[in-house]
Amino acid sequence: MKKKIIQRCLIGATIGLSISYIITIIISAIINNGKYYPTVPQLIGLCGNEINAVIVQTVCSLIYGAVFAGSSVIWEIDSWNLLKQTIVHCITISLTMFPIAYLMYWMPHNFIGIAVYIFIFLAIYFFIWFGQYFSMKKKIEAFNDKVKTTSETSS
């Protein structure tokens, strides 16, 4: 299990960094003034200069991706029920994502900004969760139907 977590964390860190970089390109393209915006201005102010801000954002993106990918092993703990898996997974990624999102200024630093971030995070989390749940349920039903059909024809 530890080896699987480490492998997923390494892959996830790479993916997290890649996504972060692509987002900065997209934001820079949307602003469309010929400049590249690697971080938000508030982070540059917090870090003292642009290179420090980019380093902090890079490290945070690596951590973000690693935790997100590494925590996927929670879904493979067969001794846990789905509710426990969901709660532990949601808390694990929340405890990583929220501080990073706050530090990176991906949300306004006020009550409304934090509340909106939490609402959007939970809405996206549960939208994806329900999609995965119903997709898996459909696959299991199809598998069970196939097993049932196979057992009936061999009887």
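Here, every reference points to the structure presented above.
What counts, and where the lines are drawn
Numbers given for residues are sequential positions, taken from 1 along each chain in its written order. Owing to the predicted nature of the model, reporting of local features is limited to residues with pLDDT of at least 70; listing and counting of side-chain atom pairs is limited to 80 or more, with chain, interface and lining totals taken over all residues. Only hydrogens and water are set aside; all other atoms, that is, all heavy atoms of the structure, feed into the side-chain values. Under the scheme used here, helices are H or I runs from DSSP no shorter than 4 residues and strands are E runs no shorter than 2 residues, and both carry numbers assigned from the N terminus. When a residue's accessible area, from a 1.4 Å probe over protein chains only, is under 20% of the maximum for its type it is buried; when over 50% it is exposed; and in between it is partly exposed. Pairs of N or O atoms within 3.5 Å make up the polar contacts considered here, provided that, within protein, one atom can donate a hydrogen while the other can accept it, and that residues adjacent in sequence are counted only when both atoms are side-chain atoms. Just to be clear on terms, a salt bridge is a Lys or Arg side-chain nitrogen sitting within 4 Å of an Asp or Glu carboxyl oxygen.

## Focus on the environment of Ser71
Checked against the element boundaries, Ser71 lands in the loop between α3 (50-70) and α4 (82-103). Classification of Ser71 by relative accessible area gives buried; the value is 6%. Along the primary structure Ser71 and Arg8 are separated by 63 residues, whereas in three dimensions their C-alpha atoms are 8.5 Å apart. For Ser71, the side chain forms a polar contact with the side chain of His89, separated by 3.3 Å.

## Looking at the pattern of salt bridges
The tally for this structure, following the rule as stated, stands at 2 salt bridges. Taking the shortest distance from any N to any O, the salt bridge between Glu76 and Lys4 comes out at 2.9 Å. Here Glu76, found in the loop between α3 and α4, pairs with Lys4, found in helix α1 (residues 2-31); they are 72 residues apart in sequence, far enough to count as distant. Overall, Glu76 belongs to the partly exposed group, its relative accessible area being 33%. Residue class for Lys4 comes out partly exposed when judged on its relative accessible area of 35%. For Glu76, the salt bridge is made with Arg8, and the minimal N-O distance between the two is 2.5 Å. Of this pair, Glu76 sits in the loop between α3 and α4 while Arg8 sits in helix α1; the two residues are 68 residues apart in sequence, bridging distant segments of the chain.

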